[in-house]
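# Architecture at a glance
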Amino acid sequence: MFLPDDAKKIIEILTQSSFSAYAVGGCVRDSIMNRDVSDYDITTSALPDQVEEVLEKNGIKYFETGIKHGTITAVINHNPYEITTFRTDGKYFDNRHPESVNFVSDIKEDLSRRDFTVNAIAYNDIDGYVDLFRGREDIENRIIRTVGDSDKRFQEDALRIMRALRFASQLGFTIEENTEKAIFRNKELLKNIANERIYSEIIKILLGDNCEDVLLKYKDVIAVVIPELIPSFDFPQHNKWHLYDVYTHSVKSVAQTPKKDYMRLAMLLHDIGKPHCRTTDENGDHFYAHARIGAEQAAIILKRLRVSNEILNKSVALIANHSDYLSHKKKTIKKRMKTLGEDLIFDFIDFQVADLKSHNPALAENEIIALEEIREITKEIIESNEVYSIKDLDINGFDLMNLGFEGREISEVLEKLLEEVIANPEKNRKEILINIAERTKSRTHPRLSGFDYSSNGAYFITMCSKDNKCILSNISVGRDAHDAPQLVLTEYGRVVENEIIKMNEIYDYVKAEKFVIMPNHIHMMLIVSTTDSYGALRASHPTKSVVSTYVGTLKRFVNKSISENIWQKSFYDHIIRDEEDYLNHLQYIDKNPRKWLMGKDEYYS
């Protein structure tokens with residue numbers, strides 16, 4: 001076995017001091033398999049204080065990194081080497097940690113406590129390999145087998161269950177029959193393991209070359225640590241696009257995804273919302289809004305697994321957007337770049353390609369070709385320094401402050417100016433943007449003072465038909481007051497109400513509470529929750545995006561039921577949180593009646 005000079009030096013100085021010392025564990029296994037070795041661990045008969053004495057005598061720096069368990073870390077040429085005294089473990093009290101360790105002088109006792117035979121091999125240049133449990137034979141036969149009794153090994157440390165799956169995924173090994181049976185018998189013990197430790201193993205499983213086989217074969221084990229996946233097991237997708245059930249499709253997509261932790265994690269969870277929103281018609285199954293629902297569930301799962309904010313935000317963003325159509329139009333691509341950012345836009349394209357590769361290949365091929373063309377257009381946008389974000393505008397917040405804009409108005413106007421420039425790149429000149437901003441200010445009414453726009457509240461959505469007739473009710477004039485006439489729903493109105501009931505079952509952070517009768521039209525009041533159930537989704541997808549998704553999905557449901565497009569206009573007014581805010585809203589309408597009459601050229605928000 002090849003040993004780097006520094007590792008050899010540590011073994012030699014311990015041996016010269018009358019102690020036994022070996023390289024052990026993963027470094028030996030990987031060396032036998034001709035894999036790259038990143039860390040060399042050393043085990044020795046020397047007690048911790050004896051190891052320190054030998055290191056000091058030879059001028060080697062060290063740290064007491066795990067002195068309770070007999071581990072000293074030596075540092076040579078900036079490389080760390082863990083040196084651990086031969087030991088046996090006492091009783092395990094939490095399916096993870098031994099109550100005590102006992103230092104021993106025999107390498108055989110130390111190897112017999114280890115998890116798998118492939119990790120229970122020691123080596124030094126004098127004795128060669130010390131392989132008491134046929135680990136090299138199991139490596140040759142590509143088998144994962146526990147050392148000794150499998151049930152005992154997993155009950156000592158339940159994380160070994162996930163490690164077995166990890167090695168099967170990373171090394172492409174098969175788990176031996178008795179070891180596999182013990183995994184399924186003891187899988188519930190994983191509930192006793194810290195979530196961050198579970199996550200560490202899940203990521204390694206997902207990044208393994210053999211992840212597809214492992215995730216499919218051991219899905220009942222994965223379900224213990226991510227139970228939200230269970231509804232997707234064997235859940236059919238009866239439409240022309242799909243060949244597999246939801247979970248199988250997700251796993252096959254993982255195997256097609258670039259080996260980035262947040263991308264593979266997102267791909268495993270990307271369709272987790274489908275079982276909660278299936279509808280069926282003559283064309284088969286549909287899963288409207290599943291991306292948003294899945295993103296919300298994923299945020300909860302990832303927070304539970306204690307992932308970093310970066311991984312959480314990237315994963316949730318990919319899931320929330322994964323089913324959105326991306327066209328060849330630069331305007332559309334720039335809008336997506338604005339949402340995702342320059343780095344994540346290419347991950348988004350890779351994500352969609354990987355997803356499509358697990359669809360019906362007869363239908364997915366052209367879609368994949370189109371995405372590769374879009375990738376090239378995206379590169380052109382970046383290389384040409386075309387505008388797609390606010391920072392690229394030839395105007396900034398200070399310019400708007402000088403025009404009299406303040407507070408939230410500034411960010412909103414900048415967003416509007418960006419939309420204008422994305423559609424018309426030639427308008428990215430300060431004098432033009434200032435002119436547009438001034439026109440915007442002349443037709444916007446002051447926002448209500450004292451609003452906390454991040455808290456829970458109600459959005460009002462106005463709905464009418466193409467001929468400016470209210471689609472909800474026969475009543476055309478009225479007000480949400482004690483003397484308001486009773487709401488009489490039209491035929492369309494009953495369709496909308498039925499679909500809203502269905503939508504309320506899908507979304508738990510947005511719900512339609514009631515209709516509000518206003519002059520010449522009717523509002524639907526959406527109650528928007530920003531509580532913890534909404535989770536990290538809100539961080540990457542502001543409330544308006546969520547409401548927009550709700551309204552868009554409702555439109556599709558309603559139009560499908562009615563078989564014609566009855567929606568002329570939807571727009572957001574503002575959040576109304578209490579009675580005083582609502583009265584202010586009515587007073588504004590009384591003072592500006594023409595802005596609220598249907599059929600005018602412009603609608604104001």
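Placed above this text is the structure.
None of these values were measured; they are calculated from a predicted model. (Residues numbered from 1 in each chain as written. Predicted model: local features only at pLDDT ≥ 70, side-chain atom pairs only at ≥ 80, totals over all residues. Heavy atoms only, no water.)

## Thoughts on the overall build of the protein chain
Helix and strand counts for the protein chain stand at 25 helices and 16 strands. Counting the 605 residues in the protein chain, one finds 52% classified as buried. Here the contacts in the protein chain between residues at least 6 apart in sequence split such that 67% fall between residues at least 24 apart. Put simply, the protein chain shows about 28,700 Å² of open surface, and 46% of that area lies on carbon and sulfur atoms. (Helix = DSSP H or I, 4+ residues; strand = E, 2+ residues; numbered from the N terminus. Buried < 20%, exposed > 50% of the residue type's maximum accessible area, 1.4 Å probe, protein only. Contact = heavy atoms within 4.5 Å. Areas by Shrake-Rupley, 256 points an atom, 1.4 Å probe, with all protein chains shown as cover.)

## Regarding the environment of Glu386
Counting through the fold element by element, Glu386 comes out in the loop between helix H18 (361–383) and helix H19 (397–402). You can call Glu386 buried: its relative accessible area is 19%. Considered as a pair, Glu386 and Lys330 are 56 residues apart in the sequence and their alpha carbons are 9.7 Å apart. If we ignore the near neighbours within four places in the chain, the residues touching Glu386 are Lys330, Lys334, Glu380, Ile381 and Asp392. A polar contact is formed between the side chain of Glu386 and the side chain of Lys330, at a distance of 2.7 Å. At a separation of 3.0 Å, a polar atom in the side chain of Glu386 contacts the side chain of Lys334. (Polar contact = N/O pair within 3.5 Å; in protein donor to acceptor, adjacent residues only side chain to side chain.)

## What about helix H16 (residues 330–340)?
The set of residues buried in H16 consists of Ile333, Lys334, Arg336, Met337 and Leu340. Along the axis of H16, the buried positions cluster into a sector of 160°, meaning they face one direction only. Summarising the contacts, the buried residues of H16 are in contact with helix H15 (309–321), helix H17 (342–356), H18 and helix H20 (408–423). Looking one or two residues past H16, Gly341 carries a phi angle of roughly 95°, positive in sign. (Arc of directions from axis to C-beta.)

## Considering the pairing of strand S4 (residues 71–76)
The element S4 is largely enclosed, with a buried count of five among its six residues. Note that strand S3 (residues 61–66) and S4 share four bridges and pair antiparallel. From the neighbouring strand, Gly66 faces S4, where its bridge partner is Thr71. Hairpin connection of S3 to S4: four residues between the antiparallel strands, including Gly70 at a positive phi of 85°. Sheet topology places S4 next to strand S5 (residues 79–85); six bridges connect them, and they run antiparallel. What sits directly across from Ala74, in S5, is Tyr81. (Pairing = 2+ DSSP bridges.)

## Thoughts on the packing of aromatic side chains
One pass over the structure, following the stated rule, counts five aromatic pairs. Taking the centre distance of 5.5 Å and the plane angle of 15° together, the rings of Phe184 and Tyr218 count as stacked. Here the residue Phe184 occupies a position in helix H8 (residues 177–186), and Tyr218 occupies one in the loop between helix H10 (211–217) and helix H11 (219–225), the gap between them amounting to 34 residues. You can call Phe184 partly exposed: its relative accessible area is 26%. (Phe/Tyr/Trp six-rings, centres within 6.5 Å; stacked < 30°, edge-to-face > 60°.)

## A short note on the sheet that holds S4
Strand order in the open sheet formed by seven strands is S3-S4-S5-S2-S1-S8-S9, and the pairing between neighbours is mixed. Edge strands, defined here as strands with exactly one partner in the open sheet, are S3 and strand S9 (128–131). Strand-to-strand twist in this sheet, taken as the mean axis angle between neighbours without regard to direction, amounts to 30°. Where strand S2 (residues 41–44) and S5 come together, three bridges link them in parallel fashion. Counted as the bridge partner of Ile42 is Ile83 from S5. (Axes fitted to C-alpha atoms, helices over the stretch in contact; angles between N-to-C directions.)

## Overview of helix H7 (residues 159–171)
Between its terminal C-alpha atoms H7 stretches 18 Å, which fits the 18 Å expected from 13 residues at 1.5 Å a residue. Burial of H7 is extensive: 11 of the 13 residues sit out of reach of the surface. Restricting attention to buried positions, one finds in H7 the residues Leu159, Arg160, Ile161, Met162, Ala164, Leu165, Arg166, Phe167, Ala168, Ser169 and Leu171. Where H7 ends, the next residue or the one after it, Gly172, has phi of about 75°, a positive value. (Expected span 1.5 Å × (residues − 1).)

## Examining the nonpolar core
Grouped together as the largest cluster of nonpolar side chains are 111 residues, with contacts concentrated most on Leu165, Ile198, Leu215, Leu229, Leu265, Leu268 and Leu269. The leading source of residues in this core is H17, at nine residues. Ignoring anything within four residues of it in the chain, the contact list for Leu165 reads Ile175, Ile183, Ile205, Val214, Tyr218, Val221 and Ile222. Residues Leu393, Leu400, Leu418 and Ile436 belong to the second largest nonpolar core, which totals 15 residues. (Core = buried A, V, L, I, M, F, W, Y, C linked by side-chain atoms within 4.5 Å.)

## Some points on the environment of Ile139
One can find Ile139 in helix H5 (residues 135–141). According to the relative accessible area criterion, Ile139 is buried, its value standing at 8%. Considering only alpha carbons, one finds Ile139 and Val118, 21 residues apart in sequence, at a separation of 6.2 Å. When neighbours within four sequence positions are excluded, Ile139 is seen to be in contact with Arg29, Ile32, Met33, Val118, Ile121 and Phe173.

## Some remarks on unusual backbone geometry
The phi dihedral of Ser18 is positive, around 75°, even though this residue is not glycine. Within the secondary structure, Ser18 sits in the loop between helix H1 (5–16) and strand S1 (21–24). Look at Arg134: it is not a glycine, yet its phi comes out positive at around 60°. Within the secondary structure layout, Arg134 lies in the loop between S9 and H5.

## Topic: the packing of H16 against H20
One way to put it is that H16 packs onto H20 with a least axis distance of 9 Å and a crossing angle of 145°. By crossing handedness, the relation of H16 to H20 is classed as right-handed. For the pair H16 and H20, contact is made by Lys331, Lys334, Lys335 and Lys338 and by Glu415, Leu418, Glu419, Ile422 and Ala423, respectively. Residues that form the contact of H16 with H20 fall into these classes: three nonpolar, no polar and six charged. (Left-handed = near helix turned anticlockwise from the far one by under 90°. Nonpolar A, V, L, I, M, F, W, Y, C, P; charged D, E, K, R; others polar.)

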